[in-house]
Amino acid sequence: MNEIDNENPSTEIPLPAETVEPECEENLENRYAQLQKKYELLQRQNLLEKVSGETGCTDPEYLEFCALRRQINVDDPDALRKFARELAAVSPGCFTARITPGSNAGSPQTSPAASAAAEEFSGDRISMIAMSVSNAPDVGCR
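Residues numbered from 1 in each chain as written. Predicted model: local features only at pLDDT ≥ 70, side-chain atom pairs only at ≥ 80, totals over all residues. Heavy atoms only, no water.

A. Layout of the overall build of the protein. Across its full length, the protein carries five helices and zero strands. Reading the secondary structure of the protein in the N-to-C direction produces α-α-α-α-α. Sorting the 142 residues of the protein into buried and exposed places 15% on the buried side. In the protein, the share of contacts with a sequence separation of at least 24, taken over all contacts with a separation of at least 6, comes to 44%. (Helix = DSSP H or I, 4+ residues; strand = E, 2+ residues; numbered from the N terminus. Buried < 20%, exposed > 50% of the residue type's maximum accessible area, 1.4 Å probe, protein only. Contact = heavy atoms within 4.5 Å.)

Structure (structure tokens):
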């Protein structure tokens, strides 16, 4: 067979003839192209998820749809963040609400008479209910 010349290290070992058939090579190239596209799609989805989380967007697919419609490069995180902030101003329903502590949105509205009556009967629950019913505003139900 082939002998390697130990004294002459520059002697190359002959490689076997190419064993991949042309049609198999074409299939491998197609499969590689498919995997490459899938990889790029996953990278884009990860970026959209990340930017959506940072900007409070609840629907990354909608963010992508709007960005592509406006011809924004969805592979550029800075451009996508800027666009998401603009979209939040126009379409706030797709973004989480920014609630700050200390707002009076959750506190019940009571009249001064009802609060004075509630203080008077602080331990008697039935009396408190009766007092709140008697101090309830008239809503004009018929």
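B. The arrangement of the side chain of T55 in detail. One can find T55 in helix α1 (residues 22-55). Take T55: its relative accessible area is 9%, and that puts it in the buried class. At a separation of 2.8 Å, a polar atom in the side chain of T55 contacts the main-chain carbonyl oxygen of V51. Beyond its immediate stretch of four places on either side in the chain, T55 contacts R81, A84, F95 and R98. (Polar contact = N/O pair within 3.5 Å; in protein donor to acceptor, adjacent residues only side chain to side chain.)

C. Region of interest: helix α2 (residues 60-69). Along α2, the residues that are buried comprise P60, L63, E64, C66 and A67. Just downstream of α2 lies Q71, where phi reads positive at about 60 degrees.

D. Molecular detail of the state of the cysteines. Scanning the entire structure with this criterion turns up zero disulfides. No disulfide involves C66; its sulfur sits 7.1 Å from the nearest other cysteine sulfur, which is in C94. Of the residues examined, C94 reaches a relative accessible area of 17% and is grouped as buried. (Disulfide = S-S within 2.5 Å.)

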